[in-house]
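# Fold and geometry: a report
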Amino acid sequence: MNQLQLFLPCAAGVEDYLAHEVHTLTGLMGEDLLTRRGGVMARASWRDAMRLNLHCRLAQRVLVQLSYTDYRNEQDLYRAASEVAWEIWFTPKQSIKVEVTAQHSPLTSLNFAALKIKDAVCDRFRDKAHGVRPDVNTQWPDVRIYAHLTTDTCSLYIDTSGEPLFKRGWREDKGEAPLKETLAAAMIAASGWADGDADLLPLYDPCCGSGTIAIEAAQIACNIAPGMLRSFAFEKYLPFQAHVWNAIKKEAADAQVVRAAGQKPIIFGSDVAFRMVDFAQRNAQRAGVADVIEFRGGDALQRMPPTDVPGVMLLNPPYGERIEVAGVAGREQAITEDGGEFFSQLATHWKKNYPNWTAWVLTPDLKLPGKMRLKESRRVPMWNGPIECRLFRFDMVKGSARVKPEKT
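Parameters and conventions
- The numbering scheme is per chain: residues are counted from 1 as the chain's sequence reads.
- Local features in this predicted model are restricted to residues of pLDDT 70 or higher, and side-chain atom pairs are both shown and tallied only at a pLDDT of 80 or more, whereas totals for entire chains, interfaces and linings draw on every residue.
- Water and hydrogen atoms play no part in the side-chain values, which are based on all heavy atoms of the structure.
- Paired strands, in this sense, are two strands between which DSSP finds at least two bridges.
- A run of H or I in DSSP counts as a helix once it spans at least four residues, and a run of E counts as a strand once it spans at least two, with each numbered from the N terminus.
- Simply put, an axis is a line fit to the C-alpha atoms, just over the touching stretch for a helix, and the angle between two N-to-C directions goes from 0 to 180 degrees.
- By definition, residues are in contact when any of their heavy atoms lie within 4.5 Å.
- Note on aromatic pairs: the rings of Phe, Tyr and Trp (six-membered ring only in Trp) are paired at centre separations within 6.5 Å, and the planes decide the class, stacked below 30 degrees, edge-to-face beyond 60, tilted for the rest.
- Only protein chains enter the area calculation, which uses a 1.4 Å probe; residues under 20% of their type maximum are buried, those over 50% are exposed, and those in between are partly exposed.
- In what follows, salt bridge is the name for a side-chain nitrogen of Lys or Arg lying within 4 Å of a carboxyl oxygen of Asp or Glu.
- In this description, a nonpolar core means a group of buried Ala, Val, Leu, Ile, Met, Phe, Trp, Tyr and Cys residues linked to one another through side-chain atoms lying within 4.5 Å.
- Just so you know how the angles are binned, under 35 degrees is roughly parallel, over 145 roughly antiparallel, 65 to 115 roughly perpendicular, and the rest oblique.
- Crossings are assigned a handedness: left-handed for a near helix turned anticlockwise from the far helix by less than a right angle, right-handed for a clockwise turn.
- Side-chain atoms alone can form a polar contact between residues adjacent in sequence; in general such a contact is a pair of N or O atoms within 3.5 Å, and within protein one must be able to donate a hydrogen while the other accepts it.

## A short note on the sheet that holds strand E5 (residues 96-102)
What the seven strands build is an open sheet, ordered E2-E3-E1-E4-E7-E6-E5; its pairing is mixed. Looking along the sheet, the strands with just one partner apiece sit at the ends: strand E2 (33-36) and E5. The mean angle between the axes of side-by-side strands here comes to 30 degrees, regardless of whether they run parallel or antiparallel. Note that strand E4 (residues 63-70) and strand E7 (residues 153-159) share seven bridges and pair antiparallel. Paired with Leu63 across the bridge in E7 is Asp159. Seen against the sheet, helix H1 (residues 15-26) touches strand E1 (4-9), E2 and strand E3 (39-44) and runs at an angle of roughly 165 degrees to E2.

Written out as structure tokens, the structure is:
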């Protein structure tokens, strides 16, 4: 268990940030840490796999690769799965689920491919365990098995995470189309807000919704591991040792930063919907960072800076049909279908009232800078599930609609 091949999938555009995070958490580099399309490969230990589940903010899962073979048909998949020693990972008393993804696979049915892999796993247990085989549970399996097919190769993985890692355990209250915690963390990583040893600048989300960006930032500021409130699939696996896991969690708990009594918040969020502000406050309480964040109601087009010190705005504003919930001032104006009127007013408000602030805006609208009449200084490609987005950086210069782009 000291030489596992791990694969950590992530949202497209986040791979380099994830590789840096894995290096920071494990010290891996060189051939032991490779960036791949849609994720990161790491040659690491079982202990590393547990630590990555606990601490990783950007990965969707932590998978252990158990097989990598060529294939031409479903029978080859059956043979590959039959040769994996599943019995060293779990028992036939545990339920399983097999999922298959593919890029340019010649197979006509991924469901049939998943069925053949499932049959191979169950048949191996039947042969090894005197006729006993695991049950299939498609909703709440104990063990998730993933197969990824290319044109001619098959990779088989066992999932150590269980529920996807964006489910931190604190967001019980949420609105429509909430931003995933992993993507909020990717926005923070791309902004560089938490880089370096200097004191953190104020961070403000003026369209905070249920508080995802602010809460992720607050947990980073307090060095709270994102997985502290949840359980993981590996806790049911045969290699699991409770005393090792408890020591890893204790180390994480001891490393948390406790704020001094009376210390002012450094992270702020506001939303025009007071219902969402209530949601955000309750989520922050569960996440252990209620005293680090100040949430208030307020229109994004009217809210003044929450602090005298210029800082960083980080937001995933509503767009399209959701643009109307952005603010009262926006609703009082003629709003174009694509939100152009709202965004031009928002830019005017920022230029007038937020000098020397930096704004990072995640949006699927690649023409947003034109609508805001601002020149972005950076644009970072980033995908929100299947939606291609850009994280635009705007440097606010009072009285000027355009700024000189930085070299990247």
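## Notes on the packing of aromatic side chains
Going through the model one piece at a time under the given rule, you end up with 13 aromatic pairs. When the centroid spacing of 5.8 Å and the interplanar angle of 90 degrees are considered together, the rings of Phe232 and Trp245 count as edge-to-face. With a gap of 13 residues between them, Phe232 in the loop between helix H6 (212-221) and helix H7 (242-254) and Trp245 in helix H7 connect regions that are remote in the sequence. Each member of the pair Phe232 and Trp245 is classed as buried.

## As for the pattern of salt bridges
Throughout the structure, instances matching the rule amount to 22 salt bridges. A salt bridge links Glu216 to Arg57; the nearest nitrogen and oxygen atoms lie 2.8 Å apart. Here the residue Glu216 occupies a position in helix H6, and Arg57 occupies one in the loop between helix H2 (46-55) and E4, the gap between them amounting to 159 residues. When sorted by exposure, Glu216 lands in the same class as Arg57, which is buried. With a shortest N-O distance of 3.6 Å, Asp123 and Arg133 are connected by a salt bridge. You can see Asp123 sitting in helix H4 (residues 110-128) and its partner Arg133 sitting in the loop between H4 and strand E6 (143-149), a full ten residues away along the chain. Accessibility expressed as a relative area gives 13% for Asp123, which makes it buried. Among the charged side chains, a network of salt bridges with common partners joins Asp123, Arg126, Asp127 and Arg133.

## With respect to unusual backbone geometry
In this model, His104 sits at a positive phi of 60 degrees, which is unusual for a non-glycine residue. Of note, Asn356 is a non-glycine position whose phi angle comes to about 70 degrees, a positive value. Mapping Asn356 onto the fold places it in the loop between helix H10 (340-353) and strand E12 (358-363). When its relative accessible area of 60% is taken as the criterion, Asn356 is described as exposed.

## What to know about the nonpolar core
The biggest cluster of nonpolar side chains holds 97 residues, and the ones touching the most others in it are Leu6, Phe90, Val289, Ile293 and Met382. Residue contacts for Val289: discarding those within four places in its chain leaves Ile215, Ala218, Gln219, Cys222, Ile224 and Ala284. With 22 residues, the next largest nonpolar core counts Leu346, Trp350, Trp357 and Val361 among its residues.

## Some details on the sheet that holds strand E11 (residues 312-315)
Taken together, the seven strands give an open sheet; going across it, the order is E10-E9-E8-E11-E12-E14-E13, and neighbouring strands pair in mixed fashion. A strand with exactly one partner marks an edge of an open sheet, and here the two such strands are strand E10 (293-297) and strand E13 (378-384). Each adjacent strand pair in this sheet contributes to an overall mean axis angle of 20 degrees, direction not counted. In the sheet, E12 pairs with strand E14 (residues 387-395) via six bridges, with the strands oriented antiparallel. Residue pairing across strands places Thr363 opposite Arg390, the latter belonging to E14.

## Quick look at the packing of H2 against H7
Angle between the axes and distance between the axes: these two values describe a pair of packed helices. At a closest axis distance of 11 Å, the pairing of H2 and H7 adopts a crossing angle of 40 degrees. With respect to each other, H2 and H7 are oriented oblique. Considering how the two elements wind past one another, H2 and H7 form a crossing that is right-handed. In contact with Arg47, Met50, Arg51, Leu54 and His55 of H2, H7 contributes Val244, Trp245, Ile248, Lys249, Glu251 and Ala252.

## Some remarks on the environment of Ser82
Position of Ser82 among the secondary structure elements: in helix H3 (residues 74-82). Apart from residues no more than four positions distant in its own chain, Ser82 is found in contact with Ala120 and Arg124. Looking at Ser82, its side chain comes within polar contact range of the main-chain oxygen of Tyr78, at 2.8 Å.

## Focus: the pairing of E12
With six of its six residues buried, E12 lies for the most part within the structure. Along E12, one buried face is formed by Thr358, Trp360 and Leu362 and the opposite face, lined by Ala359, Val361 and Thr363, is buried too. Relative to E12, E11 is paired through four bridges, and the arrangement is parallel. When the bridges of E12 are listed, Met313 appears paired with Ala359.

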